[in-house]
Amino acid sequence: AAEEASLSVRKPPVYRFAFDAWVERPLSARKRVAVIRCEGSNGDREMCSAFHLAGCEPWDVAVADLASGSLDLDRFRGVAFVGGFSFADTLDSAKGWAGSIKYHATLRPLFERFKARSDTFSLGVCNGCQLMALLGWIPEQNGLPEDRQPRLLHNESGKFESRFSSVSIAPSPAIKFKNMEGSSLGVWVAHGEGRFFFPDESVHTAVKENNQIPLRYVNDKNEPTEAYPFNPNGSPGGIGALCSDDGRHLAMMP
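As a starting point, this report considers the structure included with it. Note that this is a predicted model, so its numbers are computed, not measured. (Residues numbered from 1 in each chain as written. Predicted model: local features only at pLDDT ≥ 70, side-chain atom pairs only at ≥ 80, totals over all residues. Heavy atoms only, no water.)

## Observations concerning the pairing of strand S1 (residues 32-37)
Pairing of S1 with strand S3 (residues 57-62), which is carried by 6 bridges, proceeds in the parallel orientation. Along S3, the bridge assignment pairs Ile36 with Val61. For S1 and strand S4 (residues 78-81), the ladder comprises 4 bridges, and the chain directions are parallel. Among the inter-strand pairings, Val35 is bridged to a residue of S4, identified as Ala80. (Pairing = 2+ DSSP bridges. Helix = DSSP H or I, 4+ residues; strand = E, 2+ residues; numbered from the N terminus.)

## A few points about the pairing of strand S8 (residues 161-169)
Judged by how many residues are buried, S8 sits mostly within the fold: 7 of 9 residues are covered. Of the strand pairs in this sheet, S8 and strand S11 (residues 215-217) are connected by 3 bridges, and their pairing is antiparallel. By the bridge assignment for S11, Val167 is matched with Tyr217. (Buried < 20%, exposed > 50% of the residue type's maximum accessible area, 1.4 Å probe, protein only.)

## Examining unusual backbone geometry
In this chain, Ile138 is followed by Pro139 through a cis amide linkage whose omega measures 10°. Here Pro139 is to be found in the loop between helix H6 (127-135) and strand S7 (151-153). A cis geometry characterises the amide bond from Tyr228 onward to Pro229, with omega recorded as 10°. Along the chain, Pro229 falls in the loop between S11 and strand S12 (241-243). Positive phi is not limited to glycine here, since Ala94 has a value of about 60°. With respect to the helices, strands and loops of the structure, Ala94 is situated in the loop between strand S5 (83-84) and helix H4 (95-102).

## Details of the side chain of Arg117
Locating Arg117 in the fold gives a position in the loop between helix H5 (107-116) and strand S6 (121-125). A distance of 3.1 Å separates the side chain of Arg117 from the side chain of Asp119, its partner in a polar contact. Residues within four places of Arg117 in sequence aside, it is in contact with Leu73, Asp74, Phe76, Arg77 and Arg248. (Polar contact = N/O pair within 3.5 Å; in protein donor to acceptor, adjacent residues only side chain to side chain. Contact = heavy atoms within 4.5 Å.)

## A short note on the sheet that holds strand S9 (residues 184-191)
Each strand in a sheet pairs with another by means of backbone hydrogen bonds, the pair being arranged parallel or else antiparallel. Reading across from one edge, S9-S8-S11 is the order of the 3 strands in this open sheet, with antiparallel pairing throughout. Each edge of the sheet is formed by a strand with only one pairing partner; in this case those strands are S9 and S11. Strand-to-strand twist across the sheet, computed as the mean angle between neighbouring axes with direction ignored, equals 45°. Bridge count for S8 against S9 is 8 bridges, and the pairing is antiparallel. Counted as the bridge partner of Ser166 is Gly186 from S9. (Axes fitted to C-alpha atoms, helices over the stretch in contact; angles between N-to-C directions.)

## Details of H4
Within H4 the residues assigned to the buried category are Gly96, Trp97, Ala98, Ile101 and Lys102. For H4, the secondary structure elements touched by its buried residues are S1, helix H3 (63-68), S4, H5 and H6.

## Some remarks on the sheet that holds S3
Taken in spatial order, the 6 strands of this open sheet run S3-S1-S4-S6-S13-S12, and their pairing is mixed. Of all strands in the sheet, those bounded by a partner on one side alone are S3 and S12. With direction set aside, neighbouring strand axes in the sheet form an average angle of 15°. Those strands touched by helix H2 (residues 44-53) are S1, S3, S4 and S6, and its axis lies near 165° from that of S1.

Keep in mind these values describe shape, not function.
This is the structure:
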């Protein structure tokens, strides 16, 4: 009903690129990025392509490679957690993937060591966004107690949402959105559990005050919105992404 009601007032969205989309770097300056996948994930090839076009050196890395010890993260400057349905999401959004890291004798210290380095960055998209929230990589660099940690819940519509949405990029510490502030873009969304939820409202207040919400869903006037279908999941304030307080770690749903 909300979508039908919006049809009479819809206008063409206005998109704006406030940045140079083309970056060219010499091979010697390309930073290694581990594009991490696991059972049931997808989009890893597209993620590798995106990092290659962004001037990085992407590596295809399976969680099993890290668990076996055949590869570690010390050689990488960045990691990217891809989307999909890790372990079929039978335990809910990315909980299986998070558990396979948090309760693994090799993987947990490996990821904690990577995150503790001052020269690293990470990106999580869709299922990877859910994972980063469960691991506590956002919104605070030093983490929060699990009962205060933001997480992703089922869309308010109760449906899997696959649609083209509009988002805007706001000023924030996020290094991956540097010099992109003021842009409004069209993006594809495809998720069933994309609604940011804050068990502790003081954490929600803090991320707003610290400008740790770099991406929001917007309506046709480029205004952040909670209205459906512009906001496909019902996240408060149109939240589409959260970053860590130091800006090195970014988790985005669309």
